[in-house]
Amino acid sequence: MFKIRTIIYTMPALKKIEVKESITELKALQKGSSFTIQKRLQMLLYIKKDTKGLVSKRKLSVSIGVNHTSITSWKRLYETKGINGLINDGRIGFKPSVVSAETHNALEIKLTTPSNNIRGYKDLQEWTNTELSQDFKYITLLKYTQRHFGCKIKVARKSHIKKEEEAVNNFKKLWSQVSGSSHTIKP
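Procedures and definitions
Residues numbered from 1 in each chain as written. Predicted model: local features only at pLDDT ≥ 70, side-chain atom pairs only at ≥ 80, totals over all residues. Heavy atoms only, no water. Helix = DSSP H or I, 4+ residues; strand = E, 2+ residues; numbered from the N terminus. Contact = heavy atoms within 4.5 Å. Core = buried A, V, L, I, M, F, W, Y, C linked by side-chain atoms within 4.5 Å. Buried < 20%, exposed > 50% of the residue type's maximum accessible area, 1.4 Å probe, protein only. Axes fitted to C-alpha atoms, helices over the stretch in contact; angles between N-to-C directions. Parallel < 35°, antiparallel > 145°, perpendicular 65-115°, else oblique. Left-handed = near helix turned anticlockwise from the far one by under 90°. Expected span 1.5 Å × (residues − 1). Arc of directions from axis to C-beta. pLDDT = per-residue confidence, 0-100.

Section: the overall build of the protein
Stage number 1. Summing up its helical and strand segments, the protein has 8 helices and 0 strands in all.
Stage number 2. Reading the protein from its N terminus to its C terminus gives the helix and strand order α-α-α-α-α-α-α-α.
Stage number 3. The contacts in the protein between residues at least 6 apart in sequence include a share of 52% that link residues at least 24 apart.

Observations regarding the nonpolar core
Stage number 1. Val-19, Leu-26, Met-43, Leu-44, Leu-60 and Tyr-78 are the most contacted members of the largest nonpolar core, which has 17 residues in total.
Stage number 2. For this core, the secondary structure elements donating two or more residues are helix H2 (35–49), helix H3 (57–64) and helix H4 (68–87).
Stage number 3. Sorting elements by how many residues they give to this core places H2 first, with 6 residues.
Stage number 4. Counting 10 residues, the second-largest nonpolar core is a separate cluster that includes Ile-118, Tyr-121, Leu-124 and Leu-142.

Let's talk about the packing of helix H1 (residues 23–31) against H2
Stage number 1. It is at 9 Å that the axes of H1 and H2 come closest, and there the two elements cross at 165°. With respect to their mutual orientation, H1 and H2 come out roughly antiparallel. Here the hand of the crossing between H1 and H2 comes out left-handed. Contacts from Ile-23, Leu-26, Lys-27, Leu-29, Gln-30 and Lys-31 in H1 reach Gln-38, Leu-41, Gln-42, Leu-44, Leu-45, Lys-48 and Lys-49 in H2.

Section: the environment of Leu-29
Stage number 1. Inspection of the secondary structure assignment puts Leu-29 in helix H1.
Stage number 2. Counting along the chain gives 12 residues from Leu-29 to Leu-41, while the straight-line C-alpha distance between them is 7.8 Å.
Stage number 3. Excluding its chain neighbours within four sequence positions, the residues that come into contact with Leu-29 are Leu-41, Ile-83 and Ile-87.

A closer look at helix H5 (residues 101–112)
Stage number 1. Here H5 is 12 residues long and its end C-alpha atoms lie 16 Å apart, about the 16 Å a rise of 1.5 Å per residue gives.
Stage number 2. For H5, the full list of buried residues reads Thr-103, His-104, Leu-107 and Lys-110. An end-on view of H5 places all buried positions within 130° of arc, on one side of the element. Summarising the geometry of H5, the exposed residues directed more than 90 degrees from the buried face are Ala-101, Glu-102, Ile-109 and Thr-112.

Overview of unusual backbone geometry
Stage number 1. In this structure, Ser-133 is a non-glycine residue whose phi angle is positive, near 55°.
Stage number 2. Residue position: Ser-133 is located in the loop between helix H6 (121–130) and helix H7 (138–149).
Stage number 3. For Ser-133, a relative accessible area of 62% translates into the label exposed.

Quick word on the confidence of the model for the protein
Stage number 1. Per-chain confidence: the protein averages 82 in pLDDT, with 86% of residues scoring 70 or above.
Stage number 2. Low pLDDT, under 50, characterises residues 183–187; the predicted model gives this stretch 3 contacts beyond four residues in sequence or across chains.

Observations regarding the packing of H5 against H6
Stage number 1. At a minimum axis separation of 12 Å, H5 and H6 run at an interaxial angle of 135°. Taken together, the axes of H5 and H6 are oblique relative to one another. For the crossing formed where H5 meets H6, the hand is right-handed. Of the residues in H6, those touching H5 at Ala-106, Leu-107, Lys-110 and Leu-111 are Leu-124, Trp-127 and Thr-128.

Have a look at this one:
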């Protein structure tokens with residue numbers, strides 16, 4: 001009445017990869033490369049050191065400390081493009097800054113003058129839009145000023161912009177006279 005089926009699962013055969021470079025070449029390449037490229041070259045070193053050339057991707061991933069899918073993609077990359085394809089990670093470089101040198105200097109002058117009337121990044125954004133005729137996004141201006149000038153958000157001003165220096169000096173003189181004597185100021 002009942003048919004019994006037996007299903008036999010077989011593991012796929014390990015794919016053998018021939019590493020053309022020598023161990024010394026791989027180690028020399030590994031020394032001068034970035035961390036991500038070092039992991040890729042470390043994979044090739046493990047494959048090269050294995051006498052049979054049949055190392056599973058799971059063993060490689062555990063020994064190198066990366067995901068097994070990375071091992072698979074790195075093997076495929078090495079097979080198709082060789083060592084040059086494995087070493088080049090495809091990053092082009094940094095983007096050029098949106099802020100020109102003139103704008104940087106104007107921002108530096110504006111932010112370092114204590115008598116400026118900038119109260120926040122919105123005011124700075126409006127100032128760059130009207131005075132410099134450049135429209136920056138809020139986050140771009142925020143990160144640029146933090147990175148280049150050490151600006152912080154929501155920090156109280158050290159002094160009032162309309163403060164009179166003569167009044168400050170008079171207060172300091174009066175305070176030194178009062179604190180130097182035995183008189184105390186009562187509220």
